[in-house]
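Notes for the structure review
Below, each chain spelled out in residue letters.
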Amino acid sequence: AEARSVGDRTGETLVENEFVGMYRKAGMEEDALAHGEKALLMLESSGLEDTVTAGTTRINVATACTAFGQPERARMLFQEAEAIYEARLEPTDGRLGGLYNNMGLCMISLKRFEEGRMLFEKALEVMRRVPNGEGEAAMTCLNLADLISAEAEEAGDEETLIRAAEETERLVERAWELLNTPTLPRDGYDRFICDK
């Protein structure tokens, strides 16, 4: 209401983004997606299209779509966000790593495993260059382990399942090493990552 009263369309859009995330985490599909649509419409009406804010908004809405069983819609939004982020952000910006991670999770839902694997590899590459990016890289290792497990279950043969279990074990060990990087700040963000 405060943002609206002073005509702060950017501020209002950012608040709508927060609603999307809050309702997604609370499992409230209808509210999350409704606020997401409102945020996307506000981008158009406020001249924020093709900005980093527009990319972030698309990521937030796409993440909600993935969570609530709309991975194809999510994929389209992620691709739009990817075009914006790659044009506007430095290749070492951690937000790119987050984007690739979320896109990879969407690809698991769509059973597009090779695309997901490539996205997780891109996320790892970004996070290697980000100061204190080890926590995010650990999450990516675990996401990649989830992809490998899902892909093996889809294949269904015993040999593939055994190889997947071995690869998953290596990835979990790597994630544990990354989480225990001595220089990582032990703060609220670290707790968020450990919870994930």
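So, here's what we can say about the structure.

Analysis parameters
Residues numbered from 1 in each chain as written. Predicted model: local features only at pLDDT ≥ 70, side-chain atom pairs only at ≥ 80, totals over all residues. Heavy atoms only, no water. Helix = DSSP H or I, 4+ residues; strand = E, 2+ residues; numbered from the N terminus. Rg over C-alpha atoms; globule rule 2.2 N^0.38 Å. Buried < 20%, exposed > 50% of the residue type's maximum accessible area, 1.4 Å probe, protein only. Contact = heavy atoms within 4.5 Å. Core = buried A, V, L, I, M, F, W, Y, C linked by side-chain atoms within 4.5 Å. 1 Å grid on protein atoms, 1.4 Å probe; cavity = no way out; pocket = protein on both sides within 12 Å on 5 of 7 lines; lining within 4 Å. Points joined across faces, edges and corners; volume = space filled by probe spheres on them. Nonpolar A, V, L, I, M, F, W, Y, C, P; charged D, E, K, R; others polar. Axes fitted to C-alpha atoms, helices over the stretch in contact; angles between N-to-C directions. Parallel < 35°, antiparallel > 145°, perpendicular 65-115°, else oblique. Left-handed = near helix turned anticlockwise from the far one by under 90°.

What follows covers the overall build of the protein chain. Scanning the protein chain for helices and strands turns up ten helices and zero strands. Ordered by position from the N terminus, the helices and strands of the protein chain form the series α-α-α-α-α-α-α-α-α-α. Here the protein chain has a C-alpha radius of gyration of 18 Å; the compact-globule value for 196 residues is 16 Å, and the two agree. Dimensions along the principal axes, computed over C-alpha positions, put the protein chain at roughly 60 × 40 × 30 Å. For the protein chain, the residues scored as buried account for 44% of the 196 residues in total. For the protein chain, the proportion of contacts with a sequence separation of at least 24, taken over those separated by at least 6, is 59%.

Counting residues in hydrophobic clusters, the biggest one holds 51 residues, and the most contacted among them are Phe78, Leu96, Leu99, Tyr100 and Leu147. It is helix H8 (residues 134-155) that provides the largest number of residues to this core, a total of nine residues.

Right, let's get into the layout of surface pockets. Empty space within the largest pocket amounts to approximately 1,100 Å³. Surrounding the largest pocket, 30 residues form its lining, Arg24, Asn60, Thr63, Asn102 and Phe192 being those nearest its centre. Secondary structure elements with two or more residues in the lining of the largest pocket: helix H2 (9-25), helix H4 (52-67), helix H5 (71-88), helix H6 (94-109), H8 and helix H10 (188-195). Each residue belonging to the lining of the largest pocket can be placed in one class, and the counts come to twelve nonpolar, eleven polar and seven charged. There is about 150 Å³ of room inside the second largest pocket. Lining the second largest pocket are Leu124, Met127, Arg128, Gly133, Glu134, Ala137, Cys141, Leu171, Arg174 and Leu178. Elements that contribute at least two residues to the lining of the second largest pocket include exactly helix H7 (113-129), H8 and helix H9 (158-179). Residues that form the lining of the second largest pocket fall into these classes: six nonpolar, one polar and three charged.

This brings us to unusual backbone geometry. The residue Asp50 is not glycine, and still its phi comes out positive at about 65 degrees. In this fold, Asp50 is placed in the loop between helix H3 (29-45) and H4. For Lys111, which is not glycine, the phi dihedral falls at a positive 60 degrees. By secondary structure assignment, the location of Lys111 is in the loop between H6 and H7.

On to the packing of H7 against H8. Remark: H7 packs on H8, axes separated minimally by 9 Å, with the N-to-C direction vectors making an angle of 165 degrees. Our classification of the angle between H7 and H8 gives roughly antiparallel. Classified by chirality, the crossing of H8 by H7 is left-handed. Taken together, the residues of H8 that come into contact with H7 (itself represented by Phe113, Gly116, Arg117, Phe120, Glu121, Ala123, Leu124 and Met127) are Glu136, Ala137, Thr140, Cys141, Asn143, Leu144, Leu147, Ile148, Ala150, Glu151 and Glu154. Looking at side-chain class alone, the contact of H7 with H8 contains eleven nonpolar, three polar and five charged residues.

Here we come to the environment of Thr53. By the element assignment, Thr53 lies in helix H4. Between the C-alpha atoms of Thr53 and Asn102, which are 49 residues apart in sequence, the distance is 17 Å. Beyond its immediate sequence surroundings of up to four residues, Thr53 is in contact with Thr13, Leu14 and Leu43.

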